[in-house]
Amino acid sequence: MNNDFKNAVKGWLEAIMPSVAATIADVLTPETLRECAKEEAIHGPYTINIDEFNGPITAIVFHVVVVDEIAMLAVNATIRNNEEFSSAIKFDMVFSCDDFVEKIQKDEQLATLVSNLLAQVEEGYIE
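No experiment lies behind these values; they were computed from the predicted model shown. (Residues numbered from 1 in each chain as written. Predicted model: local features only at pLDDT ≥ 70, side-chain atom pairs only at ≥ 80, totals over all residues. Heavy atoms only, no water.)

A.B. asks: I'd like to hear about the layout of surface pockets, residue by residue, with values.
C.D. replies: If you add up the space inside the largest pocket, you get close to 160 Å³. If you go around the largest pocket, the residues you meet are Val75, Ser87, Ala88, Lys90, Asp92, Asn116, Ala119, Gln120 and Glu123. Ranked by the residues each element gives to the lining of the largest pocket, the list is headed by helix H4 (residues 107-124), at 4 residues. (1 Å grid on protein atoms, 1.4 Å probe; cavity = no way out; pocket = protein on both sides within 12 Å on 5 of 7 lines; lining within 4 Å. Points joined across faces, edges and corners; volume = space filled by probe spheres on them. Helix = DSSP H or I, 4+ residues; strand = E, 2+ residues; numbered from the N terminus.)

Structure follows, in structure tokens:
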């Protein structure tokens with residue numbers, strides 16, 4: 001992936017990520033996370049369709065594991081023209097159930113989401 005395309009994808013992700021984070025915050029409320037905690041499992045996928053933006057990602061998929069009021073979140077991209085691509089699910093974002101809605105929308109977490117998704121685009125995008 002050339003640098004111009006990579007920078008364009010990064011800018012696009014940075015532009016849409018506040019809306020994506022707000023949407024997942026609406027879905028994964030503290031109450032929903034506590035419901036997830038009742039069953040020890042990976043919950044999801046919680047899919048946000050972004051195909052209408054015509055970018056290299058058609059959907060952003062979230063998975064969550066909740067243990068003892070702690071939610072661990074993973075994010076994966078559905079890559080345009082490579083829907084079979086699947087990167088490893090990495091639960092690398094951690095929040096308390098009560099703080100999730102606020103903290104997922106903070107700049108630091110938005111940057112983490114952008115970074116994770118950009119790495120997946122670099123790995124799975126077919127030009």
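Next comes the rest of the account.
A.B. asks: Lay out unusual backbone geometry with the relevant residues and their values.
C.D. replies: Backbone torsion omega between Gly44 and Pro45 reads 5 degrees, so that peptide bond is classified as cis. As for its placement among the helices and strands, Pro45 is situated in strand S1 (residues 43-49). Phi at Asn54 is positive, roughly 55 degrees, even though this residue is not glycine. Looking at the element boundaries, Asn54 is found in the loop between S1 and strand S2 (57-67). The backbone of Glu69 sits at a positive phi, close to 65 degrees, despite the residue not being glycine. Mapping Glu69 onto the fold places it in the loop between S2 and strand S3 (70-79).

A.B. asks: Lay out the pattern of salt bridges with the relevant residues and their values.
C.D. replies: Applying the stated rule across the entire model yields 8 salt bridges. Of the charged contacts in the structure, one is a salt bridge between Arg34 and Glu69, with a shortest N-O distance of 3.0 Å. With Arg34 in helix H2 (residues 30-37) and Glu69 in the loop between S2 and S3, this residue pair connects regions lying 35 residues apart in the sequence. With relative accessibility at 28%, the residue Arg34 sits in the partly exposed group. For Glu69, a relative accessible area of 35% translates into the label partly exposed. Close ionic contact of Glu35 with Lys38 constitutes a salt bridge, the shortest N to O distance being 2.7 Å. Put simply, Arg34, Glu69 and Asp98 are held in one network by salt bridges that share partners. (Salt bridge = Lys/Arg side-chain N within 4 Å of Asp/Glu carboxyl O. Buried < 20%, exposed > 50% of the residue type's maximum accessible area, 1.4 Å probe, protein only.)

A.B. asks: Before we move on, can you summarise the pairing of S3 with the specific residues and values?
C.D. replies: Most of S3 is tucked away, with 7 of its 10 residues classed as buried. Alignment of S2 against S3, held across 10 bridges, turns out to be antiparallel. Residue pairing in the sheet places Val66 in a bridge with Ala71 of S3. Counted along the chain from S2 to the antiparallel partner S3, the turn is 2 residues long, and its residue Asp68 has a positive phi close to 50 degrees. In the sheet, S3 pairs with strand S4 (residues 93-96) via 4 bridges, with the strands oriented antiparallel. Counterpart to Met72 in the pairing with S4 is Val94. (Pairing = 2+ DSSP bridges.)

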